[in-house]
Amino acid sequence: MHANGDAAIRLVLDAFEQAARDLPRPGLRHRIEHCSLVDDGILARMKALDAIAVPFAGYAAYHGGALNDWYGAERVGRMFAHRSFLDAGVTVAGSSDYPCGPYQPLIGLQSMVTREGTDDGAAAGPGQRVSAEEALRIFTLGSAEAEGTQAYKGRLAAGQLADFVALGENPLTADPHGIASIPVRATYVGGDQVYAAPDGTVGWRPAGRVPVRPNWDGTLPVPGDGRYEWDGFLDADALPAERDPDQGWFATANQMNLPPGYPNDRDTVTYDWYAPTRHHRIAEELDARADWTVEDCVRLQTDTVSLPARRILPLLAGLTGDGPLTERAVGLLRAWDADITADSAAAALFEIWYRRHLRPAVFGKALREVGPEAEHAAALARILPPDDPASDPRVDLDLLTGPETGLDPGTLLATLSAAAGELSALLGPDPAAWTWGALHHARVYHPVTALHDGPQPPWASVGPAPRGGSADTVGVAPYGPDFRQTTGATFRLVVDVGSWDDSVAMNSPGQSGNPDSEHYSDLFAAWAADGSFPLLYSREQVEKHTARTITLRPPAPATAQDPNGR
């Protein structure tokens with residue numbers, strides 16, 4: 001709860017104490033945000049409640065002597081009382097109150113250590129000074145404890161998150177008045193290095209172990225006779241990295257992301273990459289605006305616009321069908337926006353046309369230029385790419401749009417007519433009744449069903465559900481000959497680092513792997529519809545929305561009288 005003045009803090013403590021009496025919750029720890037003005041009575045009550053204080057860290061440095069003018073020296077001596085909290089045994093966390101104050105943690109550290117204004121040098125409550133080590137613990141361990149995340153945050157230790165910074169000077173031994181100006185050399189998040197400098201430099205350096213192969217690149221198998229052994233791993237400085245990208249952001253969709261000039265022929269990472277189509281669509285969206293919300297990011301994760309469709313549709317310009325069905329098919333695609341949504345008739349027609357008729361036709365034309373006709377059918381079957389994320393549409397598109405390799409209008413219309421006929425056989429003759437989701441669907445199977453003999457139980461699979469997208473869309477959804485989605489993201493996550501409780505996620509088909517649980521498939525419909533659920537982060541919100549708690553207890557140790565431990 002937020003409270004600044006001592007009177008407000010006493011009211012908050014009254015409420016906390018009343019709640020503890022009426023609704024005891026063992027282990028529940030209350031927080032007071034800001035908790036600016038305290039006295040001995042407040043400190044004692046907070047200690048008894050095991051409450052956590054989150055006062056401003058940087059205000060003494062930011063406002064300096066003005067605090068004394070506004071509040072008087074006596075009150076300022078009890079404000080942002082880090083020293084008093086520590087001496088009273090009250091857990092205290094670091095806080096910036098940004099944008100009302102500076103957000104940089106190093107300014108907060110200096111402020112707590114010196115309690116002097118950075119501009120005027122005036123002391124503001126010098127009795128509340130703490131040591132540099134105590135200030136560092138407040139910002140790390142204290143903040144983690146305030147979040148309830150001390151099990152995996154706040155320390156550099158095995159099992160804790162690999163989030164840390166590399167500083168240009170040790171703040172524990174530096175001149176306390178220079179802590180705020182210590183340069184941040186690098187920032188690591190989850191082991192990957194994301195860094196920034198005061199001059200605006202930003203960059204990214206991935207973590208990983210890439211083997212050194214002295215006389216081969218790992219592309220093809222080699223004899224295991226000792227001639228091709230690894231010779232250690234590349235140094236971190238030799239790995240690919242990016243610095244100051246022009247676009248100001250990083251994104252990946254499994255595309256080739258080695259920076260220009262990286263010596264991949266010498267320090268080989270890989271030569272196998274997926275097509276850049278999905279990354280191009282992400283870039284198109286990210287470059288178009290900067291006011292992104294959590295909901296916008298979910299939409300981008302599940303985006304179903306097909307860039308290959310955009311390049312193919314102009315081929316129909318000026319063409320007219322030679323029959324009612326073909327003519328209607330041409331009109332349907334001309335009016336389409338290339339968004340492969342589940343409810344789209346044009347999306348169903350395009351996918352049938354492109355993958356089952358247009359692609360074989362353009363590859364077949366190319367084969368006629370290079371081999372005997374008797375071998376064309378077998379060769380075509382071998383070179384047609386499968387519909388999966390590894391399928392690369394760039395060859396198709398280059399052939400279709402090339403002046404020498406493209407298809408003539410008669411072949412384009414013939415393949416479209418065949419596709420419309422096939423779709424009519426699948427979904428009926430009326431295009432108004434066609435939808436992509438009537439064909440393209442998701443059905444997931446429990447992993448143990450492969451081991452189950454006899455008829456499959458009802459829980460063996462979940463679905464089907466109509467799906468949008470294809471192998472070429474950001475919301476990747478490739479499919480097999482039966483149109484069942486074969487792969488794709490069942491787990492999705494969008495994190496709002498400025499408001500953690502506003503983060504969202506998705507985990508299909510449900511929250512439980514137990515077929516008897518009501519949560520076994522409770523997320524499948526929302527996942528299929530490209531939805532999300534709140535990924536609550538704070539203890540307060542998690543406990544507020546908890547439906548059930550499962551407690552696991554180890555069995556009692558076995559005894560001589562009861563070897564089974566009963």
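Residues numbered from 1 in each chain as written. Predicted model: local features only at pLDDT ≥ 70, side-chain atom pairs only at ≥ 80, totals over all residues. Heavy atoms only, no water.

Visitor: Please set out the sheet that holds strand 2 (residues 31–34) residue by residue, giving values where relevant.
Guide: Reading across the sheet, the four strands line up as 1-2-3-4 and stay open at both edges, with parallel pairing between neighbours. The sheet is open, and its two borders are formed by strand 1 (2–3) and strand 4 (91–92), each paired with just one other strand. Sheet analysis places strand 1 next to strand 2, joined by two bridges and oriented parallel. For Ala3, the partnering residue across the bridge sits in strand 2 and is His34. Packed onto the sheet, helix 1 (residues 6–22) meets strand 1 and strand 2 and runs at close to 165° relative to strand 2. (Pairing = 2+ DSSP bridges. Helix = DSSP H or I, 4+ residues; strand = E, 2+ residues; numbered from the N terminus. Contact = heavy atoms within 4.5 Å. Axes fitted to C-alpha atoms, helices over the stretch in contact; angles between N-to-C directions.)

Visitor: Before we move on, could you go through empty space enclosed by the protein and cite the residues and values that matter?
Guide: Enumeration according to the criterion identifies three cavities of 30 Å³ or more in this entry. Its boundaries defined by the atoms lining it, the second largest cavity holds a volume of some 40 Å³. Forming the boundary of the second largest cavity are Ala57, Gly58, Ser95, Ser96, Pro102, Tyr103, Gln104, Ile107, Gly108 and Phe139. When its residues are assigned to classes, the lining of the second largest cavity shows five nonpolar, five polar and no charged. (1 Å grid on protein atoms, 1.4 Å probe; cavity = no way out; pocket = protein on both sides within 12 Å on 5 of 7 lines; lining within 4 Å. Points joined across faces, edges and corners; volume = space filled by probe spheres on them. Nonpolar A, V, L, I, M, F, W, Y, C, P; charged D, E, K, R; others polar.)

Visitor: Give a description of the packing of helix 1 against helix 2 (residues 40–49) that names residues and reports values.
Guide: Across the interface, helix 1 lies against helix 2 with an axial gap of 11 Å and an inter-helix angle of 30°. Viewed along their axes, helix 1 and helix 2 adopt a mutual orientation that is roughly parallel. The element helix 1 and its partner helix 2 pack so that their crossing is left-handed. Facing helix 1, whose interface residues are Asp6, Ile9, Arg10, Leu13, Asp14, Phe16 and Glu17, helix 2 presents Ile42, Arg45, Met46 and Leu49. In terms of residue class, the contact of helix 1 with helix 2 is built from six nonpolar, no polar and five charged. (Parallel < 35°, antiparallel > 145°, perpendicular 65-115°, else oblique. Left-handed = near helix turned anticlockwise from the far one by under 90°.)

Visitor: I'd like to hear about the nonpolar core, residue by residue, with values.
Guide: Counting 41 residues, the largest nonpolar core has Leu333, Trp336, Leu349, Phe350 and Trp353 as its most contacted members. Going through the elements one at a time, helix 11 (307–312), helix 12 (324–334), helix 13 (345–368), helix 15 (394–401) and helix 16 (409–427) are the ones with two or more residues in this core. Considering every element that reaches this core, the biggest residue donor is helix 13, with 14 residues. When sequence neighbours within four positions are dropped, the list of residues in contact with Trp336 reads Ala309, Leu313, Ser344, Ala346, Ala347 and Phe350. Ranked by size, the runner-up nonpolar core spans 30 residues in total, among them Ala3, Leu13, Cys35 and Ala174. (Core = buried A, V, L, I, M, F, W, Y, C linked by side-chain atoms within 4.5 Å. Buried < 20%, exposed > 50% of the residue type's maximum accessible area, 1.4 Å probe, protein only.)

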